[in-house]
Amino acid sequence: MPPTSPSVLSSPRTPQGRAAVLCGLAGWVPPRVVTNEELSRRLDTSDTWIRTRTGIGQRHFVEPGQATSDMAVEAGRRALRSAGTDTVDAVVVATTTPDRPCPATAPVVASRLGLTGAAAFDVSAVCTGFVYGLASAAGLIAAGVAERVLLIGADTYSAIVDPDDRTNAIIFGDGAGAVVLRAGDPDEPGAVGHFDLGSDGANEEMIMVAAGGSRQRTSDAEPSRADRHFSMRGKEVFRHAVTRMAASARTTLELADRKAEDIDHFVPHQANLRILRSVADDLGLPADRCVSNVESVGNTGAASIPLALSDALARGTLRPGDNVLLTAFGGGLTWGSCFLTWPALPEPGPSYDQGEEPAS
């Protein structure tokens, strides 16, 4: 495969002025657990086959009638609590599965959190959505538009994946993860200032929901069942994901004036375990530095990185002063990475508390 082309956006080597500083973190997944055994009863698969190829043991699905905003509100409320604040100037929701095509999901999330009046908008970059959202939120703070931003990655893949699609139904789950960012100094722990973002729209069909947008709605053709659901060309995606994520991570390390051996924790988008390990190997990072919770939640799209961070913090894996590298790849095609030094944060609660339902 040809070398990755330069990304469309990279941060300066030495950020100046205001920076966005991570000050709150939380995650939430719906109570319903869908095990490999449950899927095996209706699909031609098995727990062993799924674990061998993806590393996934279970995933969580919303109940009928629940939507992306329900998960986003719960994760957002917990992140605000973690940050010790009940006000922000902007709410950004990264999602591929908004409640509706119009309007955006972020304003209703802001309203339900008591943040009416705050700026609110969605970011759509599929599984790279959280990293794109992080850069967008950091930009709002750097420009002086906001002092605090709530960023939520939330996806309801059970709503767009065909339940009879043996290839994709085993991979994806539902969930939400959120962070609060505040204005601060570029040199303090938690500052997010080194980004690499890129895209390649020539390969849009590699990861796609073909129906539902203006392209399909303005045509005379009636969409097929397959067109209404999520599709992904797995083998091609694997190759692109490993190449793009590794290249983006290297660019970010260079911008941050760091080397791979300086990284304490590598937190990639939780696509599947094989991709995670391949990217880590490409970067020369040992397996114990790769943060993963894909076994228990599957691929949760834009929620995967903040959920992995929240789970790692709850386990005591992330400690103040640790060097953390985030990287993601998703439909578009899109990719992106970010470097930060981990701040002191309160330990979050579990992503799901037994018996607890999302706030209405």
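In what follows, the accompanying structure is described.

So, how was this worked out
Residues numbered from 1 in each chain as written. Predicted model: local features only at pLDDT ≥ 70, side-chain atom pairs only at ≥ 80, totals over all residues. Heavy atoms only, no water. Helix = DSSP H or I, 4+ residues; strand = E, 2+ residues; numbered from the N terminus. Buried < 20%, exposed > 50% of the residue type's maximum accessible area, 1.4 Å probe, protein only. Core = buried A, V, L, I, M, F, W, Y, C linked by side-chain atoms within 4.5 Å. Pairing = 2+ DSSP bridges. Contact = heavy atoms within 4.5 Å. Axes fitted to C-alpha atoms, helices over the stretch in contact; angles between N-to-C directions.

## Focus on unusual backbone geometry
Alright, step 1. Cis geometry is found at the peptide bond from Cys102 to Pro103, where omega equals 5°.
Alright, step 2. For the peptide bond that leads from Gly332 to Leu333, omega is -10°, which places it in the cis range.
Alright, step 3. Relative to the assigned elements, Leu333 resides in the loop between strand 14 (323-330) and strand 15 (334-341).
Alright, step 4. Here Val126, not a glycine, exhibits a phi torsion of approximately 55°, which is positive.
Alright, step 5. Here Val126 shows up in the loop between strand 6 (119-123) and helix 5 (129-142).
Alright, step 6. Taking the relative accessible area as the measure of exposure, Val126 reaches 15% and is therefore buried.

## Looking at the nonpolar core
Alright, step 1. Counting 43 residues, the largest nonpolar core has Tyr157, Phe266, Val279 and Phe329 as the members making the most contacts within it.
Alright, step 2. Listed by contribution, the elements that provide at least two residues to this core are helix 9 (234-255), helix 10 (273-283), strand 14 and strand 15.
Alright, step 3. By residue number, the principal contributor to this core is helix 9, which donates seven residues.
Alright, step 4. Counting 42 residues, the second-largest nonpolar core is a separate cluster that includes Ala125, Val131, Leu197 and Leu309.

## Looking at the sheet that holds strand 9 (residues 191-192)
Alright, step 1. An order of 6-5-7-8-2-9 is seen for the six strands of this open sheet, with the pairing classed as mixed. Each edge of the open sheet is held by one strand with a lone partner, namely strand 6 and strand 9.
Alright, step 2. Bridge count between strand 2 (residues 19-28) and strand 9: two bridges; the pairing is antiparallel. In the strand pairing of strand 9, Ala20 is matched with Val192.
Alright, step 3. Seen against the sheet, helix 5 touches strand 2, strand 5 (90-94), strand 6, strand 7 (148-156), strand 8 (174-184) and strand 9 and runs at an angle of roughly 25° to strand 8.
Alright, step 4. The strands touched by helix 12 (residues 304-314) within the sheet are strand 2 and strand 8, with strand 2 carrying the most contacts at an inclination of about 80°.

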